[in-house]
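Each chain, letter by letter, is given below.
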Amino acid sequence: EAGVAQSPRYKIIEKRQSVAFWCNPISGHATLYWYQQILGQGPKLLIQFQNNGVVDDSQLPKDRFSAERLKGVDSTLKIQPAKLEDSAVYLCASSSERTPAGELFFGEGSRLTVL
Amino acid sequence: AQTVTQSQPEMSVQEAETVTLSCTYDTSESDYYLFWYKQPPSRQMILVIRQEAYKQQNATENRFSVNFQKAAKSFSLKISDSQLGDAAMYFCAYNTDKLIFGTGTRLQVFP
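This structure is a prediction, so every number in the text was calculated from the model and none was measured.

**Student:** How do you make sense of the interface of chain A and chain B when you look at a structure like this?
**Tutor:** It is common to report an interface's size as the accessible area lost on association of the parts. Facing 21 residues of chain A, the contacting portion of chain B comprises 17 residues. When the two sides are added together, the surface that chain A and chain B hide from each other amounts to roughly 1,500 Å², 52% of it contributed by carbon and sulfur. Considering only the side of chain A, the residues that lose the most area to chain B are A:Ala101, A:Gly102 and A:Phe106, jointly responsible for 29% of the buried surface there. Viewed at the interface, chain B and chain A are joined by one salt bridge. Remark: the boundary between chain A and chain B carries three residue pairs in polar contact (both at pLDDT 80 or more). Elements represented by at least two residues in the side of chain A that touches chain B include exactly strand 4 (31-37) and strand 5 (44-50) of chain A.

So this is what it looks like as structure tokens:
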């Protein structure tokens, strides 16, 4: 079974530029998560999708971050314009109703550096 | 608000020895789940072990076991017979409607 795929693995941009990250969850997983992991901190949930609907986006900075999950499969997380403090690893994870609560399958992450 | 605290930023252990990683959490809920996740360098995070709060018996997965003290809101991870491949960041996490992570403990394993 293929795991959660993310791209790009690394991205360097200057502040005020835009960036987009892509995630393909495990096949059949209805729930998709985007986490932000700043260096030295634990992952923080940005947004959770159930199929193509948003379940929780309470910690998503909506003035600059957006995410979508068209057709309930792949997802894209966009940052525009980027700030220095957005430098972090962006983790995508997925789960299904068959997996125990809280057991998420993570991708390798996309590391963003904002200069 | 639920919080998860890992007070040990770094720990080290000799190969084949035992190490315990600490975690405390704060919640007013009575039904929840607790987890330890492992994040090797530049690799994806994977689940190590999970514990349901309603279960008094401590979870065990091969060399990994937990000491769950519900009243004290403590959830420590014991790694027995440590191996070089155990070197990683370890995150304690709490879940009711969403997964909340601690700040992590970096574990080094020395030969």
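There's plenty left to go through after this.
**Student:** In this structure, what is going on with the pattern of salt bridges? I would like to understand it.
**Tutor:** If the charged atoms of two oppositely charged side chains come close together, the side chains can form a pair. Residue and element names in this part refer to chain A. In this structure the tally under the stated criterion is nine salt bridges over all chains. For arginine 9, the salt bridge goes to glutamate 108, with nearest N and O atoms at 2.8 Å. Residue arginine 9 is found in the loop between strand 1 (5-7) and strand 2 (10-13), and its partner glutamate 108 is found in the loop between strand 10 (105-106) and strand 11 (110-114); the two are separated by 99 residues along the sequence. Here arginine 9 falls in the partly exposed class, since its relative accessible area comes to 27%.

**Student:** What exactly am I supposed to notice about the packing of aromatic side chains here?
**Tutor:** To describe a pair of aromatic rings, one takes the distance between the centres and the angle between the planes. Applying the stated criterion to the full structure yields 15 aromatic pairs over all chains. On the numbers, 6.3 Å between centres and 45° between planes, the contact of A:Phe65 with A:Tyr90 is tilted. In this pair, A:Phe65 sits in strand 7 (residues 65-68) while A:Tyr90 sits in strand 9 (residues 88-95), placing the two residues 25 residues apart along the sequence. Side by side, A:Phe65 and A:Tyr90 carry an identical accessibility label, which is buried. Taking 6.3 Å as the distance between ring centres and 70° as the angle between the ring planes, the aromatic pair formed by A:Phe106 and B:Phe101 counts as edge-to-face. Here the residue A:Phe106 occupies a position in strand 10, and B:Phe101 occupies one in strand 11 (residues 99-101), the pair thus bridging two chains. The two residues A:Phe106 and B:Phe101 agree in class, both being buried. Through a chain of ring-to-ring contacts, the aromatic side chains of A:Tyr33, A:Tyr35, A:Phe106, B:Phe35, B:Tyr37, B:Phe91 and B:Phe101 assemble into a single cluster.

Quick notes on the rules
- Residues numbered from 1 in each chain as written.
- Chains lettered and ligands numbered in written order.
- Predicted model: local features only at pLDDT ≥ 70, side-chain atom pairs only at ≥ 80, totals over all residues.
- Heavy atoms only, no water.
- Contact = heavy atoms within 4.5 Å.
- Buried area = accessible area lost by both parts, 1.4 Å probe.
- Salt bridge = Lys/Arg side-chain N within 4 Å of Asp/Glu carboxyl O.
- Polar contact = N/O pair within 3.5 Å; in protein donor to acceptor, adjacent residues only side chain to side chain.
- Helix = DSSP H or I, 4+ residues; strand = E, 2+ residues; numbered from the N terminus.
- Buried < 20%, exposed > 50% of the residue type's maximum accessible area, 1.4 Å probe, protein only.
- Phe/Tyr/Trp six-rings, centres within 6.5 Å; stacked < 30°, edge-to-face > 60°.

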